Amino acid sequence: MLALSRILARRLYHPSALEHQLAHSFAPLTYGPGSTQFKVLEHALNKHVPSYGFNERALVASLNDLDLGPSLLSVIGASNSPSFLNASPAVLELIKFHLVTKRYALTKELDPARTSSPAEPPALETLFHRRLELNKPIAPHLTQLLSSLSIPGEFLVQTALPELHRLSDDMVYFSKEPDANDFAWYSKRIALSCAFVSSELFMAQDRSANYADTFEFAAEKLHNVSKLGQYYNNTEEYMWYTLLMSVNLAKSQLTRS
Amino acid sequence: MYHTRIASGSALRAGIMARSSKCALLSSSRCLHAGMLLRKEGPAETTHFGSKTVAKEEKEKLVGSVFSNVAAKYDVMNDVMSMGVHRLWKDHFINKLDAGKRPNSKEPLHFIDVAGGSGDIAFGLLDHAEHKFHDTESTMHIVDINADMLKEGEKRALNQGKYYNDPRVKFLVQNGETLDQIESNSKDVYTVSFGIRNFTDIQAGLNTAYRVLKPGGIFYCLEFSKVDNPLVDLVYQQWSKVLPVMGSLVANDYDSYQYLVESIQRFPQPEEFKAMIEKAGFESAGYEKLTFGVCAIHWGVKV
């Protein structure tokens, strides 16, 4: 429980802008784009995951393609522990790699730390849509991916949930979406995370041409999020109004007596 | 017999009784049992043996005696001392490493288990590879500087009717710091569990690990570490005081278990040990603490 709160606190403690300006490459991965692990995982994700899915077969096929030995599987999986369903640590790393690299790909053009001329911030909907687009090649294996991500255990707490929240945070931060500095900061991100997971779940079952239904579903979900935001703001405004009015009423009554 | 007192606040109370009469030609071995950490201190070549400072030539013999004493009671004492948890640690170590030739891989793996005399990690790794990946090709070198511990492993292989006289498994008496019979760039997986603590020169051991591994090979180490929770640490410290007493009851050997406790106290902090792994040339080094930090798994990759 303590570990969970610590992990969440690292990201959600405060909307810190500085955090986005650190020149880190692909954190929380422990290896950079030049490393063997990165090359193998990237190769597997692009070449073999679309056909084999997120499993060891895809990784071994990449190792064979790149002429590397099976000890690399232990190397790749070193920072993970097997879950109680005994998922391979190397496969968990492949999943982590997918989440992290796709998140970075989403904001590559927008991040002043990684590009000299950052593009204009797009709308939140555009980023959301773009992130779902990145799922297209692996869409037939989304069910498998989402079930691996939701197995209760260390991986869920240390990787799956923090990565989801980092994604929502990035989507808000790098879009032109107005950000709040009160409790709405949290509610917006949680609502966005929920919308994203449900869109992914929808995509896993979607058989429409070019996932048109998924994007329609996602747009509606996002619309609901912004509607929820409006309700939130209206309620907040009304509560303030009522509070101030009550104070003023009390004051006026006290003055009269 | 003689006594020394330790000055360091964090170390356990002293009262080490070194029995030089028992010195044998034996040194480090995988074991939860005694050990020492050598540190060069000043111009005189001295080092730590538990909390005692001894001359450098002496300590290899001292550790040797410890391991010869405990070899026969190795399993029973490990269970008693860790309340059986050492089996979980070793299981986790093997499952986390998850090594073995996959059905569609081209090459088998070449393992080396250093200070692995008792054979539990080595046999565990081979069993894991066989049960999970149907790998019956990968090879294993079990090396230990202590011939008595190595005999225990061979005895175990003979009793279980597996890995004895097996062309895949070789038992070798070797010093982990030099591994002079092991070729450079010849191994895929280097494991050492509860052994590196007893090396005379830990850095030399790590450098040798780097030498024998192929590029892409992995160094994997299970070793005692530091407990970070103060409450658990309090309990752990009390437990440490009881260990030598249990050693004298079960294995009739107080001193060896006293060394164990002190060598654990002397082992570097996880961050420090990680830095040593990186200094040897390994990359992507990391560690995972087990059971509040009583143990830690360290790893590094040869690129």
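Quantities reported herein were computed from a predicted structural model and do not represent experimental measurements. (Residues numbered from 1 in each chain as written. Chains lettered and ligands numbered in written order. Predicted model: local features only at pLDDT ≥ 70, side-chain atom pairs only at ≥ 80, totals over all residues. Heavy atoms only, no water.)

Asker: Explanation requested: the overall build of chain B in the structure shown.
Answerer: Scanning chain B from terminus to terminus reveals 9 helices and 9 strands. Burial statistics for chain B: of 303 residues in total, 59% are counted as buried. Here chain B has roughly 11,900 Å² of accessible surface; of this, 55% comes from carbon and sulfur atoms. (Helix = DSSP H or I, 4+ residues; strand = E, 2+ residues; numbered from the N terminus. Buried < 20%, exposed > 50% of the residue type's maximum accessible area, 1.4 Å probe, protein only. Areas by Shrake-Rupley, 256 points an atom, 1.4 Å probe, with all protein chains shown as cover.)

Asker: Which parts of the structure should I look at to understand the UniProt feature "domain: COQ9 C-terminal" (unreviewed entry) in chain A?
Answerer: Using the residue numbers shown here, the UniProt feature "domain: COQ9 C-terminal" (unreviewed entry) corresponds to residues 157–229 of chain A. Strand forms 0% of residues 157–229 of chain A and helix 78%; the C-alpha atoms that close the span are 27 Å apart. (UniProt positions renumbered as here; feature names shortened; annotations may be inferred.)

Asker: Teacher, can you tell me more about unusual backbone geometry here?
Answerer: Peptide bonds are mostly trans, and most non-glycine residues show a negative phi. Residue and element names in this part refer to chain B. Positive phi values are uncommon outside glycine, yet Met83 reaches one of about 55°. By secondary structure assignment, the location of Met83 is in the loop between helix 2 (74–82) and helix 3 (85–97). Overall, Met83 belongs to the exposed group, its relative accessible area being 63%. Although it is not a glycine, Ser284 sits at a positive phi angle of roughly 50°.

Asker: What is the right way to look at the interface of chain A and chain B in this model?
Answerer: Much of the literature gives interface size as the accessible area that the parts lose upon coming together. Between chain A and chain B, the residue contacts involve 24 residues of the former and 27 residues of the latter. Summed over both partners, the interface of chain A with chain B comes to about 1,900 Å²; 52% of that surface belongs to carbon and sulfur atoms. Note that Arg102(B) is salt-bridged to Glu56(A), the shortest N-O span being 2.7 Å. Linking chain A with chain B are 10 residue pairs in polar contact (both at pLDDT 80 or more). (Contact = heavy atoms within 4.5 Å. Buried area = accessible area lost by both parts, 1.4 Å probe. Salt bridge = Lys/Arg side-chain N within 4 Å of Asp/Glu carboxyl O. Polar contact = N/O pair within 3.5 Å; in protein donor to acceptor, adjacent residues only side chain to side chain.)

Asker: Can you help me understand the environment of Glu154(A) in this one?
Answerer: Position of Glu154(A) among the secondary structure elements: in helix 8 (residues 154–173). Under the relative-accessibility criterion, Glu154(A) is labelled partly exposed at 43%. Setting aside chain neighbours within four positions, we find Glu154(A) in contact with Ser81(A), Thr159(A) and Glu288(B).

Asker: Hey, could you run me through the UniProt feature "binding site: S-adenosyl-L-methionine" (unreviewed entry) in chain B in this one?
Answerer: All names here are of chain B. When the UniProt feature table is mapped onto this chain, "binding site: S-adenosyl-L-methionine" (unreviewed entry) is found at Ser118, Asp144, Asn175, Gly176 and Ser193. Assignment of secondary structure puts Asn175 in the loop between strand 5 (169–173) and strand 6 (187–193). On the basis of relative accessibility, which here comes to 23%, the residue Asn175 falls in the partly exposed class. Apart from the residues lying within four places of it in its own chain, the contact partners of Asn175 are Glu60 and Ile145.

Asker: Sorry if this is basic, but what is going on with a nonpolar patch on the surface here?
Answerer: Residue and element names in this part refer to chain A. On the surface, a cluster of nonpolar side chains totalling about 480 Å² of accessible area is made up of Tyr238, Met239, Tyr241 and Met245. Positionally, Met245 belongs in helix 10 (residues 212–256). With a relative accessible area of 43%, Met245 lands in the partly exposed category. (Patch = residues over 30% accessible without salt bridge, like charges linked within 9 Å, V, L, I, M, F, W, Y side chains within 5 Å.)

Asker: Can you help me understand the packing of aromatic side chains in this one?
Answerer: Geometry of an aromatic ring pair is reported as the spacing of the ring centres plus the angle between the planes. All names here are of chain A. One pass over the structure, following the stated rule, counts 19 aromatic pairs over all chains. Note on Phe202 and Phe217: the rings are 4.4 Å apart at their centroids and 15° apart in plane angle, and the pair reads as stacked. One end of the pair, Phe202, is in helix 9 (residues 184–205); the other, Phe217, is in helix 10, and 15 residues separate them in sequence. Judged by relative accessible area, Phe217 falls into the partly exposed class, the value being 23%. (Phe/Tyr/Trp six-rings, centres within 6.5 Å; stacked < 30°, edge-to-face > 60°.)

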